[in-house]
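Residue strings, one per chain:
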Amino acid sequence: MAYLVLARKHRPRTFSEMVGQEHVVQALENALTSQRLHHAYLFTGTRGVGKTTVSRILAKSLNCQGPDGQGGITATPCGICQACKDIDAGRFVDYTELDAASNRGVDEVQALLEQAVYKPVQGRFKVFMIDEVHMLTGHAFNAMLKTLEEPPEYLKFVLATTDPQKVPVTVLSRCLQFNLRPMAPETVLEHLTQVLQTEAVPAEPLALRLISRAARGSMRDALSLTDQAIAFGNGELLETGVRQMLGSVDRGHVFRLIEALAQGDGKTVVETSEGLRRDGLSAASTLEEMTTVLQGMAVLQAVPSRAESRDGADPDAAETARLAALLPADETQLLYSLCLHGRGELGLAPDEYAALTMVLLRLLAFKPTAAAGAEKKTLNEPARPVADAPRAAPAVEAAHPSAAEAPRAPAPAPAAMTPVAANTPPGQRLSVVDAPALNGSAPPRPAVAADSAPAAAKLMAMPVRVQPPPGAREVQAAVPSVAPAPIPPSEEGDFWYATVTQMVAAEAIAALARELALQSQLVARDVDQWLLRVERESLNQTSSREKLQGALATLGHGVKIAIEIGAVVDSPARRNKQAADERQRIAEEAIHNDPEVQSMMRDWDARIVPGTLRPA
């Protein structure tokens, strides 16, 4: 007898054998038991979750004759009557399966509907099962609408699809819809264990866990992978063989990467990524495994009590709990998001392992630091002295209630008031001074003695920014700029400026080498070595330094260039900037001192638009 694959050999024959679809099984069993049968059913869900299986079990439940041939509609088909055997074998004349992916036209649907006028030959009901119904054309859907809405009492429609969004709403409204969910890895693992025990195939639990995760909710995919793993392992399922077959990444690599990222160890991250390249392990699988582990870590961080209820047979549970305590919750969420979106970047990079390394190192680049947290706290602290100032004023009157009834003294002269200087340093407290009477209508209250006033009766002087009138900025900007401080002349500076100018004019240097020469300062000259100083480390490139040495050699200076990082005072770029500023200043002074320009500004309120003056 020819070998029958596990997915077909262990296809459920009754509702009780189905796994992972209890919500669908319960509804159908109750409907069959109470004889409340709908005329059209629509089963939706991803591949390999049991849509065709449910359809066949439903057809057997409707047509089962019982062991004695006297049975009726039942939720538990016997499986031994002629109708049940024929439906399982695919030769029951009253059960028709139509593949809409290859029979999607109106002619095929009309040929099927022509059989609806004839009563069942063997069974109690005719059952039309249309698989992948969303592949039918619009005309085919329209052709079956009337029959689907009001079929004969002996006809039942069963539709199945993986994409219900493509099914017209006119069809959806005529069907009783059931959504078959993807199966959890634990459900798949339990079913695989039972199947392999029946088949007497030895299997390691970790190997079955890998297959159950790789199935992605599809029981048929899990059984197909199991068939492949049995062939790969020569009759047994070992973790190493299954991992090699699937191309999965060992969780040990994933744990090592997450721990290195938690400790900020970039060296270990890069070395582990290179090890994955040498072993030929998938970069996409690495990120996928990392997202799975990080999701478990995030759950443990949010609900620590879940650590006690985790599956004890899972060997990764303890390591996941340890990493959850090692990595902060915000960094866990950040790393999960980076891994999730990084899978889309692998195909854009020329080397997926380089892309993997960049995705992992991105967490170290954006990792929060303690200084950032301290800065946030500093910015969020309220200004308490300012908030206390408004409360201080009424304290004076409250402390001396008799002062309000005392005769008021004549109003002091305005000049006697001590104004708050504009340059008063922030934080200095000044005494409260009563304002003078307005128009002599109300004399001021007498000043309170300094020794009797509490310390709280003080005001803080705060710098006030006065909004300038319209056009003031333009007038201020139009004033000629002041000449900047000149660069102190030096023999090394003059020599380096002349040398760089000569190389630039001769186009002996370009790009980064030219920028290095312009932004550097000649600090010292020796017989065979010159010392240059730059402010940016990015200018200190080996290639730029070699090109500059070659250009100097063409001028007769066969020296080596040494570069240090520090403050630059005199460089060719600074001298060029100073010369350009000087020409700009002279041009602006010439315009502002022109009699005609002054006359237009005085008589016609004309203004010079800032930034429009350019030296000739």
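In this report, we go over the structure that sits alongside the text.

1. Some thoughts on the environment of Ala59
- Inspection of the secondary structure puts Ala59 in helix H3 (residues 51-63).
- Distance from Ala59 to Lys156, taken between C-alpha atoms, is 8.9 Å for residues 97 residues apart in sequence.
- When near neighbours in sequence (up to four residues on either side) are disregarded, Ala59 contacts Ile87, Tyr95 and Val127.

2. Here's the deal with the sheet that holds strand S9 (residues 529-534)
- Strand order in the open sheet formed by three strands is S8-S9-S10, and the pairing between neighbours is mixed. Each of the sheet's edge strands pairs with one partner strand only, and the pair in question is strand S8 (521-525) and strand S10 (560-565). With strand direction ignored, the average angle separating the axes of adjacent strands in the sheet is 30°.
- Pairing between S9 and S10: six bridges, direction parallel. Counterpart to Gln529 in the pairing with S10 is Lys560.
- Most of the contacts of helix H22 (residues 491-505) go to S8, to which it runs at about 115°, and overall it touches S8 and S9.
- Strand contacts of helix H24 (residues 542-554): S9 and S10, with the helix running at about 135° to S10, the strand carrying the most contacts.

3. Let's talk about the environment of Arg583
- Position of Arg583 relative to the elements: it lies in helix H25 (residues 572-592).
- Judged by relative accessible area, Arg583 falls into the partly exposed class, the value being 46%.
- Counting along the chain gives 33 residues from Arg583 to Ala616, while the straight-line C-alpha distance between them is 8.7 Å.

4. Topic: the sheet that holds strand S1 (residues 40-44)
- Reading across from one edge, S2-S3-S4-S1-S5 is the order of the five strands in this open sheet, with parallel pairing throughout. The open sheet has two free edges, formed respectively by strand S2 (95-99) and strand S5 (176-179), since each of these has just one partner strand. Neighbour-to-neighbour, the strand axes of this sheet turn through a mean angle of 15°, independent of strand direction.
- When S1 meets S5, the two strands line up parallel, connected through four bridges. Counterpart to Leu42 in the pairing with S5 is Gln177.

5. Some words on helix H8 (residues 185-199)
- Look at H8: 21 Å from first C-alpha to last across 15 residues, which is about the 21 Å you get at 1.5 Å a residue.
- Residues Val188, Leu189, His191, Leu192, Val195 and Leu196 constitute the buried set of H8.
- Looking at the packing, one finds that the buried side of H8 touches helix H1 (6-9), helix H9 (205-214) and helix H10 (219-232).

6. Overview of the environment of His134
- Mapped onto the elements of the fold, His134 is located in the loop between strand S3 (126-131) and helix H6 (138-149).
- Separated by 30 residues in sequence, His134 and Arg104 place their C-alpha atoms 9.1 Å apart.
- Contacts of His134, omitting those with residues within four sequence positions, involve Phe141, Thr161, Thr162, Asp163, Lys166 and Val167.

7. A short note on the nonpolar core
- By size, the foremost hydrophobic cluster in this structure holds 31 residues, and its most contacted members are Ile258, Leu261, Met290, Leu294, Met297, Leu335 and Leu360.
- If you list the elements that add at least two residues to this core, you get helix H12 (251-263), helix H13 (266-279), helix H14 (283-302), helix H16 (317-326), helix H17 (329-342) and helix H18 (352-365).
- In terms of nonpolar packing, the next biggest core, distinct from the first, is built from 29 residues, Phe43, Ile57, Val127 and Met129 among them.

8. Some thoughts on the side chain of Ser61
- Mapped onto the fold, Ser61 is located in helix H3.
- Residue Ser61 is classed as buried on the basis of its relative accessible area, which comes to 0%.
- Not counting residues within four places of it along the chain, the set of residues in contact with Ser61 comprises Phe15, Leu32, Gly72, Ile73, Thr74, Ala75 and Pro77.

9. Some points on H22
- Its 15 residues give H22 an end-to-end C-alpha distance of 21 Å, which sits within 8% of 21 Å, the value for a rise of 1.5 Å per residue.
- Listing the buried residues of H22 in full gives Gly493, Trp496, Thr499, Val500 and Met503. The arc that holds the buried residues of H22, viewed along the axis, is 135°, so those residues lie on one side. Among the exposed residues of H22, those oriented more than 90 degrees off its buried face are Glu491 and Ala505.
- Residues of H22 that are buried make contact with helix H23 (511-519), S8, S9, H24 and H25.

10. A short note on the pairing of strand S4 (residues 155-161)
- Among the seven residues in S4, seven count as buried, and that is most of the element.
- Covered by surrounding structure in S4 are Leu155, Phe157, Leu159 and Thr161 together with Lys156, Val158 and Ala160, the residues of both alternating faces.
- With five bridges connecting them, S1 and S4 associate as parallel partners. Residue pairing across strands places Leu42 opposite Leu159, the latter belonging to S4.
- Where S3 and S4 come together, five bridges link them in parallel fashion. What sits directly across from Phe128, in S4, is Phe157.

The rules behind each value
Position labels on residues start from 1 in each chain and follow its written sequence. Only residues with pLDDT of at least 70 are given local features in this predicted model, and only at 80 or more are side-chain atom pairs given and counted; all residues enter the totals for whole chains, interfaces and linings. The side-chain numbers reported here are obtained from all heavy atoms of the structure, hydrogens and water having been left aside. By definition, any uninterrupted DSSP run of H or I lasting at least four residues is a helix, any uninterrupted run of E lasting at least two residues is a strand, and each is numbered from the N terminus. What makes two residues a contact is simply this: any of their non-hydrogen atoms within 4.5 Å. At least two bridges found by DSSP between two strands are what make those strands a pair. Orientation is described by lines fitted to C-alpha atoms, with helices fitted over the stretch in contact, and by angles between N-to-C directions that extend from 0 to 180 degrees. Per-residue accessibility, obtained with a 1.4 Å probe over protein chains only, is compared with the maximum for each type, and a residue is labelled buried under 20%, exposed over 50%, and partly exposed between these values. In this scheme, a helix's expected span is set at 1.5 Å multiplied by one less than its residue total. To qualify as a nonpolar core, a set must consist of buried Ala, Val, Leu, Ile, Met, Phe, Trp, Tyr and Cys residues joined through side-chain atoms within 4.5 Å. The directions considered for the arc are those from the helix axis to the C-beta atoms.

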